[in-house]
Amino acid sequence: QVQLVESGGGLVQPGGSLRLSCAASGGTFSSHAMAWFRQAPGKEREFVAVISWSGGSTSNADSVKGRFTISRDNRGNTVYLQMNSLKPEDTAVYYCAADSHAWRFGVRDPSEYGYWGQGTQVTVSS
């Protein structure tokens, strides 16, 4: 059984930075696109960023473009989300997920992701 575990969340001030990690155990997702989603209280889960199965292509939501960077290691064991210039509206539980299908560059629909981590809380506040 393959599992995803997020870490790195916490409380930061506006303008600060955090780096989230998502580690796979029991296997790898080296042939699958990986993505980050987030869900704030009272809101639907939303797409944040995706990286292709090869790591050669990334795409960000407009709300985080220029501030967040997604990356992955070569073996598909770990995915990262570097978050800079954080805003209060970035406050949410952040989830990593693996595409249900192999060999794709990346999709934004959460229903296309079959493997999910437990989530890590990010709170941006003064």
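Attention in this report is confined to the structure presented alongside it. Please read all numbers here as calculations on a predicted model, not as lab measurements.

1. Considerations on the environment of Met-83
Mapped onto the secondary structure, Met-83 falls in strand S8 (residues 78-83). Judged by relative accessible area, which is 0%, Met-83 ranks as buried. Taking the C-alpha atoms as reference points, Met-83 and Val-64, separated by 19 residues in sequence, lie 8.6 Å from one another.

2. Remarks on the sheet that holds strand S3 (residues 18-25)
Whether parallel or antiparallel, the strands of a sheet pair through hydrogen bonds between backbone atoms. Spatially, four strands are ordered S1-S3-S8-S7 in an open sheet, and the strand pairing comes out antiparallel. Unpaired on one side and paired on the other, strand S1 (3-7) and strand S7 (68-72) mark the two borders of the sheet. Between one strand axis and the next, the sheet turns through 15° on average, direction left out of account. Direction of pairing for S1 relative to S3: antiparallel, over a ladder of five bridges. Residue pairing in the sheet places Ser-7 in a bridge with Ser-21 of S3.

3. Considerations on unusual backbone geometry
In this structure, Ser-85 is a non-glycine residue whose phi angle is positive, near 50°. By secondary structure assignment, the location of Ser-85 is in the loop between S8 and strand S9 (92-102). Judged by its relative accessible area of 42%, Ser-85 is partly exposed. Residues other than glycine seldom take positive phi values, yet Trp-103 does so here, at roughly 70°. Turning to its location among the elements, Trp-103 is positioned in the loop between S9 and strand S10 (113-116).

Calculation rules
- Here, residues in each chain are numbered from 1, in the same order as that chain's written sequence.
- Side-chain atom pairs in this predicted model are given and counted only at pLDDT of 80 or more, local residue features only at pLDDT of at least 70, and totals for whole chains, interfaces and linings cover all residues.
- Side-chain numbers come from the whole structure's heavy atoms, not from hydrogens or water.
- The way it works is that DSSP assigns letters per residue, a run of H or I at least four long becomes a helix, a run of E at least two long becomes a strand, and they are numbered from the N terminus.
- Here's how the labels work: a residue is buried when its accessible area is under 20% of the maximum for its type, exposed when over 50%, partly exposed in between, all with a 1.4 Å probe on protein chains only.
- Any two strands with at least two DSSP-identified bridges between them are counted as paired.
- Note on geometry: axes are lines fitted to C-alpha atoms, helical ones only across the stretch in contact, with angles between N-to-C directions running from 0 to 180 degrees.

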